[in-house]
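Breakdown of the fold
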Amino acid sequence: MDFSLWPSAGRTWQEVLEGAEYAEKTGWYGVWVADHFMVNGDDLSLPMNECLALLGGLAVRTERVRIGSMVLGNTYRHPAVVANQAATLDQMSGGRFVLGIGAGWQVNEHQAYGIELPPVKELLARFEEACQVFTGLLTQERTTFDGKYYQLSNAPLEPKPAKLPILIGASGEKVALGIVAKYADEWNHWGLPEVAEHKGNVFREHCERIGRDPSTVRRSTQAMIEILVPGDTEAEERRDRRLAAGQPTIMGSAEYVLDTVARYPAAGIDEFLVPDGFLGSGSRRVDALERLREEVFNKL
């Protein structure tokens, strides 16, 4: 299983860059950036940098790690525009870019910016059309598409990437995982190992219905993860708050974290992402990441 870093877009550009450079130097597999314009909470004074701008900077300041969007919201990004942006990012990164996309979900940013967030049925129908647009533009010489929500007429996209993986972030079992089965090269969802196992079983059923081998889809997941240092009461309180809120959380002794993470490969997970937004800044963040790397990841 590969391990990647998810630096918070709420950090300064310099901090995001330092995280990516740390990941590059110490053997992490990839660096992912979330796509939101504001935090999902009440404190609107908290910063949030724009995803594609950050990824453009990372594309030219790194050389080895994969970089990807986790994930671009379809409700506020037209798929034809995104496809062109993705092809350019693929050039800038030397073929290391992964196009991560999702249907869109964060209510407060839609309200704040006056962007429509449709009911779930329409949201997913729009997203499936967007997946068809992406597939067409990235693989066909010209794309004509006459959908309910998107229309393209002999649309070009040049230069095309040699191979630009499409990752879909989704967990809905009735419809969303069916879209993943049809269109995704990679699939991401949150969850602990038991959730990953369950979602994988549901996904396998969707694949069987359309005749696709589920093993052809690379799978990734993430959880709030940290090795707790004895006596760090602040971290313990943070763990308890996250558990109380029902967030996927792996926080405890090195042995506990190692045992939990070691269960992911059997559940079908190929890549584990480490969100760093709650790990502090400066040396505290690096120390927390180094503990994970040395006491967990290097032992698997």
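Let me begin by describing the structure that accompanies this report. This one's a predicted model, so the numbers in the text were calculated from it and none came from an experiment.

Before going further, it helps to spend a moment on the overall build of the chain. Counting secondary structure elements, the chain contains 10 helices and 13 strands. Against the 2.2 N^0.38 benchmark of 19 Å for 300 residues, the chain shows a C-alpha radius of gyration of 19 Å, consistent with a compact globule. Considered along the principal axes of its C-alpha atoms, the chain spans approximately 60 × 40 × 35 Å. Looking at the chain residue by residue over its 300 residues, the buried ones come to 53%. Long-range contacts, defined here as pairs at least 24 residues apart, represent 72% of the contacts in the chain between residues at least 6 apart.

This paragraph deals with the packing of helix 2 (residues 51–61) against helix 3 (residues 79–92). Where helix 2 contacts helix 3, the two axes come as close as 8 Å, and the packing angle between them is 20 degrees. The pairing of helix 2 with helix 3 is recorded here as roughly parallel in orientation. Here Leu52, Leu55, Gly56, Ala59 and Val60 of helix 2 come into contact with helix 3, specifically with Gln85, Leu89 and Met92. Partitioned by chemical class, the residues of the contact of helix 2 with helix 3 number six nonpolar, two polar and no charged.

Under the counting rule described, the total for this entry stands at eight aromatic pairs. Between Trp6 and Trp190, the ring centres sit 5.7 Å apart and the planes meet at 45 degrees, which makes this aromatic pair tilted. Within this pair, whereas Trp6 is found in strand 1 (residues 2–6), its partner Trp190 is found in strand 9 (residues 186–190), the two being separated by 184 residues in sequence. Taking 5.8 Å as the distance between ring centres and 75 degrees as the angle between the ring planes, the aromatic pair formed by Phe37 and Tyr113 counts as edge-to-face. Of this pair, Phe37 sits in the loop between strand 2 (30–33) and helix 2 while Tyr113 sits in helix 4 (residues 107–113), and the two are 76 residues apart along the sequence. Linked through ring pairs, Phe3, Tyr22, Trp28 and Phe297 together constitute an aromatic cluster.

Nonpolar side chains tend to gather and get buried jointly when the protein is soluble and globular. Within the largest apolar cluster, 86 residues are counted, with the highest numbers of intra-cluster contacts made by Trp28, Leu99, Ile101 and Ile168. Here this core takes nine residues from helix 5 (residues 120–139), the largest share from any one element. Setting aside its immediate chain neighbours within four residues, Trp28 contacts Phe3, Ser4, Leu5, Tyr22, Ala23, Arg64, Val65, Val274, Leu289, Arg293 and Phe297. In terms of nonpolar packing, the next biggest core, distinct from the first, is built from eight residues, Trp6, Ala34, Val98 and Leu273 among them.

Let's shift gears to the layout of surface pockets. In this model, the second largest pocket occupies a volume close to 180 Å³. Gly200, Arg204, Arg219, Ala267 and Gly268 are the residues nearest the centre of the second largest pocket, which is lined by 13 residues in total. For the lining of the second largest pocket, the residue count by class is five nonpolar, four polar and four charged.

Here we take up the environment of Gly169. Looking at the secondary structure, you find Gly169 in strand 8 (residues 166–169). Each C-alpha atom, one on Gly169 and one on Leu89, is 19 Å from the other, the two residues being 80 residues apart in sequence. Not counting chain neighbours up to four residues away, the residues in contact with Gly169 comprise Val71, Ile101, Gly102 and Asn188.

Reading the values: the criteria
Residues numbered from 1 in each chain as written. Predicted model: local features only at pLDDT ≥ 70, side-chain atom pairs only at ≥ 80, totals over all residues. Heavy atoms only, no water. Helix = DSSP H or I, 4+ residues; strand = E, 2+ residues; numbered from the N terminus. Rg over C-alpha atoms; globule rule 2.2 N^0.38 Å. Buried < 20%, exposed > 50% of the residue type's maximum accessible area, 1.4 Å probe, protein only. Contact = heavy atoms within 4.5 Å. Axes fitted to C-alpha atoms, helices over the stretch in contact; angles between N-to-C directions. Parallel < 35°, antiparallel > 145°, perpendicular 65-115°, else oblique. Nonpolar A, V, L, I, M, F, W, Y, C, P; charged D, E, K, R; others polar. Phe/Tyr/Trp six-rings, centres within 6.5 Å; stacked < 30°, edge-to-face > 60°. Core = buried A, V, L, I, M, F, W, Y, C linked by side-chain atoms within 4.5 Å. 1 Å grid on protein atoms, 1.4 Å probe; cavity = no way out; pocket = protein on both sides within 12 Å on 5 of 7 lines; lining within 4 Å. Points joined across faces, edges and corners; volume = space filled by probe spheres on them.

The quantities given are spatial measurements derived from coordinates; they are silent on function.
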